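Here are the chains, one letter per residue:
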Amino acid sequence: QVHLVESGGGLVQPGGSLRLSCAATGRIFTINAMGWYRQAPGKERELVAGITSTGSTNYADSVKGRFTISRDNGKNTVYLQMNSLKTEDTEVYFCLLHQLGGIYWGKGTQVTVSS
C-alpha cells in the first residue's frame, strides 16, 4: 500500500511564502504522477499543480507565476513552493499520487494566509 505524508503547512502573512512537502512510502512504481490539490469549506477539491515522474508540470491558472512544483524521485517526495501568498490561498492542501492500479491521497495540511 501507498502512504502519503504532508508537511509544511501553517500560518503565513499575505505576500509570504511556504513550502509544502509530501513523502510517499510503500509500493511506488517508476512511472507515476504526483500533485497537490486544495479544498475550501463547501467547495470542490481542485488541482493546484501536478508533476509526472519525467518532470512534466501542470498548474492551475490561479497559481501560475506564484507556485512551483518539483519532485525528488529518489526520495519519492513532491514539493510545492508557494510565494506571494494571498488570503484566497487559505485552504486544506492534499497530496496525491497516481500510478497504474491506484490513486492515493494524503490526509491534508492546512494553509492559512492572514494578517
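A brief structural summary. (Residues numbered from 1 in each chain as written. Predicted model: local features only at pLDDT ≥ 70, side-chain atom pairs only at ≥ 80, totals over all residues. Heavy atoms only, no water.)

1. With respect to the packing of aromatic side chains
Applied cut-off: Between the rings of Phe, Tyr and Trp (Trp by its six-membered ring), a pair exists once the centres lie within 6.5 Å; its type follows the angle of the planes, with under 30 degrees stacked, over 60 edge-to-face, and the other angles tilted. Counting from the N terminus, the helices are DSSP H or I runs at least four residues long and the strands are E runs at least two residues long. Each residue is placed in one exposure class: buried if its accessible area under a 1.4 Å probe, protein chains only, is under 20% of its type's maximum, exposed if it is over 50%, and partly exposed if it falls in between. Placement of a positive charge over a ring is assigned whenever Lys NZ or Arg CZ falls within 6 Å of the ring centre and within 35 degrees of the normal to the ring plane.
Under the counting rule described, the total for this entry stands at one aromatic pair. Ring geometry for Tyr37 against Trp105: centres 5.1 Å apart, planes inclined by 70 degrees, an arrangement best described as edge-to-face. Highlighted residues: Tyr37 in strand E4 (residues 32-39) and Trp105 in strand E10 (residues 102-105), separated in sequence by 68 residues. Judged by relative accessible area, Tyr37 falls into the partly exposed class, the value being 22%. Judged by its relative accessible area of 37%, Trp105 falls in the partly exposed class. Here the guanidinium or amino end of Arg45 rests over the ring plane of Phe94, the centre of that ring lying 3.7 Å away.

2. Concerning the nonpolar core
Test applied: In this text, buried Ala, Val, Leu, Ile, Met, Phe, Trp, Tyr and Cys residues form a nonpolar core when linked through side-chain atoms within 4.5 Å. The contact criterion used is simple: two residues touch if any of their non-hydrogen atoms lie within 4.5 Å.
Core analysis: the biggest nonpolar cluster contains 28 residues, and Leu4, Trp36, Leu80, Met82 and Tyr93 have the highest contact counts within it. The set of elements that each furnish at least two residues to this core consists of strand E1 (2-7), strand E3 (18-26), E4, strand E5 (46-52), strand E7 (67-72), strand E8 (77-82), strand E9 (91-99) and strand E11 (109-113). Here the element with the most residues in this core is E3; it accounts for four residues. Contact partners of Leu4, with chain neighbours within four places excluded, come to Cys22, Ala23, Ala24, Met34, Cys95, Leu96, Leu97, Tyr104, Trp105 and Gly106.

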